[in-house]
Amino acid sequence: RERMRALATALQTPWLVLAFEAAPATLRERTARRAASGHDASEATADVVASQMEHYEPLAESEQSTTLVINTDTPPDWSCLLPVFCAQTRLRSVFD
């Protein structure tokens, strides 16, 4: 993340960390459902989810002001998130 921030800063380009989050139980349930379907291209297993949770690196305090947290326990409300994204990156919405 630091390298991307440095590159964006050097290019004088707005940047934003999109932090997609879900509860561990949600992640485990999704993985189990995909595995049960037998038709998912994902290689994620319960062990992969456990390993990711074990090695999770929280955002640094210095990253908080440039982060948009998106909780995916339920489908995100993009109509609410898009204006926040545009404001934080100084981009114009396609809906303007």
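All values reported here derive from a predicted model rather than from experimental measurement.

Enquirer: Would you mind going over the pattern of salt bridges with me for this structure?
Expert: For side chains of opposite charge, pairing can occur when their charged atoms come near one another. Overall, the coordinates contain 3 salt bridges when judged by the stated rule. Glutamate 63 serves as the salt-bridge partner of arginine 1, at 2.8 Å between the closest nitrogen and oxygen. Placement of arginine 1 in the segment before helix H1 (2-10) and of glutamate 63 in the loop between helix H3 (46-54) and strand S2 (67-71) is noted, with a sequence separation of 62 residues between them. Among the residues examined, arginine 1 registers a relative accessible area of 48% and is labelled partly exposed. The class of glutamate 63 is buried, set by a relative accessible area of 11%.

Enquirer: Whenever I open this one, the packing of helix H2 (residues 24-37) against H3 confuses me. Can you help?
Expert: Packed helices, taken two at a time, are described by the angle their axes make and the gap between the axes. Relative orientation of the contacting elements H2 and H3 amounts to 155 degrees, with a least axis distance of 9 Å. When the axis of H2 is compared with that of H3, the two are roughly antiparallel. H2 and H3 meet at a crossing whose hand is right-handed. Here H2 contributes Pro24, Leu27, Arg28 and Thr31 to the contact with H3, which in turn contributes Ala46, Val49 and Met53. Counted by class, the contact of H2 with H3 contains 5 nonpolar, 1 polar and 1 charged residues.

Procedures and definitions
Residues numbered from 1 in each chain as written. Predicted model: local features only at pLDDT ≥ 70, side-chain atom pairs only at ≥ 80, totals over all residues. Heavy atoms only, no water. Salt bridge = Lys/Arg side-chain N within 4 Å of Asp/Glu carboxyl O. Helix = DSSP H or I, 4+ residues; strand = E, 2+ residues; numbered from the N terminus. Buried < 20%, exposed > 50% of the residue type's maximum accessible area, 1.4 Å probe, protein only. Axes fitted to C-alpha atoms, helices over the stretch in contact; angles between N-to-C directions. Parallel < 35°, antiparallel > 145°, perpendicular 65-115°, else oblique. Left-handed = near helix turned anticlockwise from the far one by under 90°. Contact = heavy atoms within 4.5 Å. Nonpolar A, V, L, I, M, F, W, Y, C, P; charged D, E, K, R; others polar.

Function-wise, these values are silent; they only describe arrangement.
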